[in-house]
Amino acid sequence: MNDDRIVSALTIAGSDSGGGAGIQADLKTFAAHGVHGLSAIAALTAQHTRGVAAVHVPPVGFLRAQIDACFDDFAVGAVKLGMLANAEVIAAVAGALRAHAPAFVVLDPVMVATSGARLLEPEALQALRERLLPLASVVTPNLPEAELLLGHAIADLDGMRAAAAELRELGARTVLLKGGHLIDDGDVVDVYADADGLREIAHPRLRIQAHGTGCTLASAIAAGLCLGFPIADACAAATDYVHRALRQGYRPGSGDIVVLDHFGAARTR
Ligand SMILES: Nc1ncnc2c1ncn2[C@@H]1O[C@H](COP(=O)(O)OP(=O)(O)O)[C@@H](O)[C@H]1O
Ligand SMILES: Cc1ncc(COP(=O)(O)O)c(N)n1
């Protein structure tokens, strides 16, 4: 028996055939942080930088087998949750998390892709709110996702501050509410909320449309937690990492959508 196991990060999310988001972004992020990455694929997408052509959801029994295989062998330090597709998948993931009780769960409540494609069935919103939010150490909604979770609009930075506190009341211990979608010419501001209060994390707004930013952010937080950083520090470092990865991003597809440079961002400060 190997008692000197390194700490691994597990992503439970969807595969992006285009390599920019989902499981592919998560594993690149873990590797770029020097953390061993594990994956349990909850859904497969036929996707490129212009959109999602098809979605396949494997049987939940097979998803559970992937998750159990990871916990049976590895020292899982943190779990990152991404695209979970529907309420049945959410129930299976919640059951697995209760059985294995990882130290940290980073929940990216993926609902709609940048391209507009739905990645979570609308009926699954309630399951996400009731079954997963209470299990999350950190939840990282973007503005439209926070609006759906809370059932009301968020118009400005004041609204984001109130929404971050409301999301904590729904059961998430820590909230990182992402501000990329706020119509504003100033900095992009993400609002961080934990038991000690609120903090704002600002970065200059880049004039680009990117794909996989939310996946990368949540995975970078999970990697930071595996490396032993406190949640607040892991969140702040992850936003800096995403900013660098965006700034150095590239366009592998035929459109204008930028894919993040996960490894370049890890080499620069
Ligand atoms: N135009 C931008 N310029 C700089 N940073 C951005 C921009 N858009 C998003 N970000 C950053 O990327 C991360 C993801 O944000 P957001 O786009 O709101 O979420 P999502 O990718 O889930 O839609 C956040 O940390 C946010 O600050
Ligand atoms: C499999 C999968 N998971 C998540 C996203 C969201 O990423 P984004 O909002 O950046 O398009 C995606 N497009 N595909």
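Everything numeric here is computed off the predicted structure, so don't read it as measured data.

J.: An account of the sheet that holds strand β1 (residues 7-16) is needed here, citing residue identities and associated values.
T.: Strand order in this open sheet of nine strands is β3-β2-β1-β4-β5-β6-β7-β8-β9, and the pairing throughout is mixed. Taken across any chain shown, the strands that pair with only one partner, and hence form the sheet edges, are β3 (51-56) and β9 (197-203). Where strand β6 (residues 138-139) and strand β7 (residues 174-177) come together, two bridges link them in parallel fashion. Bridge assignment links Val138 to a residue of β7, and that residue is Thr174. The strands that helix α1 (residues 22-32) touches are β1, β2 (36-48) and β4 (75-81); relative to β1, the one it contacts most, it runs at about 155°.

J.: So, the pattern of salt bridges: which residues are in play, and what are the values?
T.: Summed over all chains, the structure comprises five salt bridges. Among the ionic pairs, Asp26 bridges to Lys80, the shortest N-O distance being 2.9 Å. Placement of Asp26 in helix α1 and of Lys80 in strand β4 is noted, with a sequence separation of 54 residues between them. Each member of the pair Asp26 and Lys80 is classed as buried. Residues Arg161 and Glu200 are paired through a salt bridge, measuring 2.6 Å at the closest nitrogen-oxygen approach. Taken as a pair, Arg161 in helix α6 (residues 157-169) and Glu200 in strand β9 lie far apart in primary sequence, 39 residues in all. Here Glu200 falls in the partly exposed class, since its relative accessible area comes to 40%. Via salt bridges that share partners, Asp158, Arg161 and Glu200 belong to a single interconnected network.

J.: Outline the environment of Ile231, supporting the account with residue identities and numerical values.
T.: Counting through the fold element by element, Ile231 comes out in helix α8 (residues 231-247). Given a relative accessible area of 19%, Ile231 falls into the buried group. Not counting residues within four places of it along the chain, the set of residues in contact with Ile231 comprises Phe104, Ser137, Val138, Thr174, Tyr192 and Leu225.

J.: Could you give an account of the site of ligand 1, naming the residues involved and the relevant values?
T.: Around ligand 1, 13 residues are found, and the nearest of them are Lys178, His181, Asp190, Leu206 and Thr213. The separation between an oxygen atom of ligand 1 and a polar side-chain atom of His181 is 2.7 Å. For ligand 1, an oxygen atom lies 2.7 Å from a polar atom in the side chain of Asp190. Protein coverage of the free-state accessible area of ligand 1, which is 540 Å², stands at 89%. Elements with a contribution of two residues or more to the shell around ligand 1: β8 (188-194), α7 (213-226) and α8.

J.: Would you mind going over α6 in detail, with residue names and values included?
T.: Over its 13 residues, α6 extends 19 Å from the first C-alpha to the last, a length consistent with the 18 Å expected when each residue adds 1.5 Å. Of the residues making up α6, those classed as buried are Gly159, Met160, Ala163, Ala164 and Leu167. Seen end-on, α6 carries its buried residues on one side only, within an arc spanning 140°. Summarising the geometry of α6, the exposed residues directed more than 90 degrees from the buried face are Asp158 and Glu169.

About the criteria used
Residues numbered from 1 in each chain as written. Chains lettered and ligands numbered in written order. Predicted model: local features only at pLDDT ≥ 70, side-chain atom pairs only at ≥ 80, totals over all residues. Heavy atoms only, no water. Pairing = 2+ DSSP bridges. Helix = DSSP H or I, 4+ residues; strand = E, 2+ residues; numbered from the N terminus. Contact = heavy atoms within 4.5 Å. Axes fitted to C-alpha atoms, helices over the stretch in contact; angles between N-to-C directions. Salt bridge = Lys/Arg side-chain N within 4 Å of Asp/Glu carboxyl O. Buried < 20%, exposed > 50% of the residue type's maximum accessible area, 1.4 Å probe, protein only. Near = heavy atom within 4 Å. Polar contact = N/O pair within 3.5 Å; in protein donor to acceptor, adjacent residues only side chain to side chain. Areas by Shrake-Rupley, 256 points an atom, 1.4 Å probe, with all protein chains shown as cover. Expected span 1.5 Å × (residues − 1). Arc of directions from axis to C-beta.

Honestly, that's just the spatial picture; any functional story needs more than this.
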